[in-house]
Amino acid sequence: MSTLADRTIAALRATHDGLAAFVRGLDAADLTRPSACSEWTVAQVLSHLGSGAEIGLAALRAALGGQDAPGQDFNHEVWDRWNAKDPEGQAKDFLVVDAEIVSAFEGLDAGARERLRVKLSFLPAPGDVALVAGMRLNEAALHSWDVMVAFDPAATVAPDTSGVLTDLYSGPLDFMIGFMGRPDALDPRLATTLRVETRDPERVLGLTLGETVGFSEVPEPADILSLPAEAWVRLLGGRLAPEHTPPSVTVTGDGVTLDDLRRVFPGI
């Protein structure tokens, strides 16, 4: 039976393959085009993904070897080195190191996928493979969209990847909703628990908006947010601006609006 870790690693592979094929078709001018990350070019997004892959790969290899993960000095050295590359180097080296981290996750056998714990510098305790690979998938999927939407305003996150991320957000990555959400952006009078209904794949979730933001039991009755799972992923990641919102996204009820939700989830 496929586990969440298995599905996450498969989605990582699909995300890498899709972005890598796209990047190989870009020329020098394309790499310096503004991305959906307001302060980064396409190449700088790839640099961010590449440096993150290098740091994540070092942490994964340390865990496999029973060693301590590299510290912040290592991370800063990696960031400085990637920032110093030219755009073509950032793109070329991204292709190499991103393939390496995906292959490293794929190389974990069933036992390792269940038992291995990996220390990441920004987490209070080591995480299991579903969590650590899920953190990487979240970065890879959203930043892949940041690159592709610079060339196609109708770009989306792939359905299979969106489904895995939806399950991760309400599972091992549920703590991320607290980081993504800005409860103080919502009028306190609008505090509520929404019923979230996603499509492709279908999921039903309860989303509480109040003094904190998080998942909860699905309320009945409730205002309903209905949307494709890929739009749900992009909403949580601050990437559902009006010009990138499918017409099938709806909020029914007398409480929060889609604009309210955009303010609560502005992106990190």
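Scroll up to find the structure this text is about.
All values derive from a computational prediction rather than experimental measurement.

(A) Quick peek at the side chain of S47. Along the chain, S47 turns up in helix α3 (residues 42-64). At a separation of 3.5 Å, a polar atom in the side chain of S47 contacts the side chain of Q90. When sequence neighbours within four positions are dropped, the list of residues in contact with S47 reads W82, N83 and Q90.

(B) Layout of helix α8 (residues 159-169). For α8, a buried count of nine out of eleven residues is recorded, marking the element as mostly surrounded by other parts of the structure. Taken together, the buried positions of α8 are T161, S162, G163, V164, L165, T166, D167, L168 and Y169.

(C) View of the packing of aromatic side chains. Counted under the stated rule, the structure contains three aromatic pairs. Note on F22 and F151: the rings are 5.3 Å apart at their centroids and 70° apart in plane angle, and the pair reads as edge-to-face. In this pair, F22 sits in helix α1 (residues 4-24) while F151 sits in the loop between α7 (129-148) and α8, placing the two residues 129 residues apart along the sequence. For F22, a relative accessible area of 26% translates into the label partly exposed. Here F151 falls in the partly exposed class, since its relative accessible area comes to 26%. Positioned above the aromatic ring of W82, the side-chain terminus of K85 is 4.8 Å from the ring centre.

(D) Representation of the environment of W82 in the model. By secondary structure assignment, the location of W82 is in helix α4 (residues 72-83). Residue W82 is classed as buried on the basis of its relative accessible area of 2%. Non-local contacts of W82, meaning those with residues more than four positions away in its chain, are made with L46, S47, G50, S51, E54, Q90, D93, F94 and V97.

(E) Local environment of the pairing of strand β4 (residues 203-209). Alignment of strand β3 (residues 192-199) against β4, held across seven bridges, turns out to be antiparallel. What sits directly across from R195, in β4, is G206. The turn linking β3 back onto β4 is made up of three residues, and D200 within it adopts a positive phi angle of 55°. Bridge count between β4 and strand β5 (residues 213-216): four bridges; the pairing is antiparallel. In the strand pairing of β5, L207 is matched with F215. Between β4 and β5, which pair antiparallel one after the other, the connecting turn spans three residues.

(F) Representation of the environment of D86. Tracing the backbone shows D86 in the loop between α4 and α5 (87-106). With a relative accessible area of 45%, D86 lands in the partly exposed category. For the pair D86 and A43, spaced 43 residues apart in sequence, the C-alpha to C-alpha distance is 8.5 Å.

Conventions and cut-offs
- Residues numbered from 1 in each chain as written.
- Predicted model: local features only at pLDDT ≥ 70, side-chain atom pairs only at ≥ 80, totals over all residues.
- Heavy atoms only, no water.
- Helix = DSSP H or I, 4+ residues; strand = E, 2+ residues; numbered from the N terminus.
- Polar contact = N/O pair within 3.5 Å; in protein donor to acceptor, adjacent residues only side chain to side chain.
- Contact = heavy atoms within 4.5 Å.
- Buried < 20%, exposed > 50% of the residue type's maximum accessible area, 1.4 Å probe, protein only.
- Phe/Tyr/Trp six-rings, centres within 6.5 Å; stacked < 30°, edge-to-face > 60°.
- Lys NZ or Arg CZ within 6 Å of the ring centre and 35° of its normal.
- Pairing = 2+ DSSP bridges.

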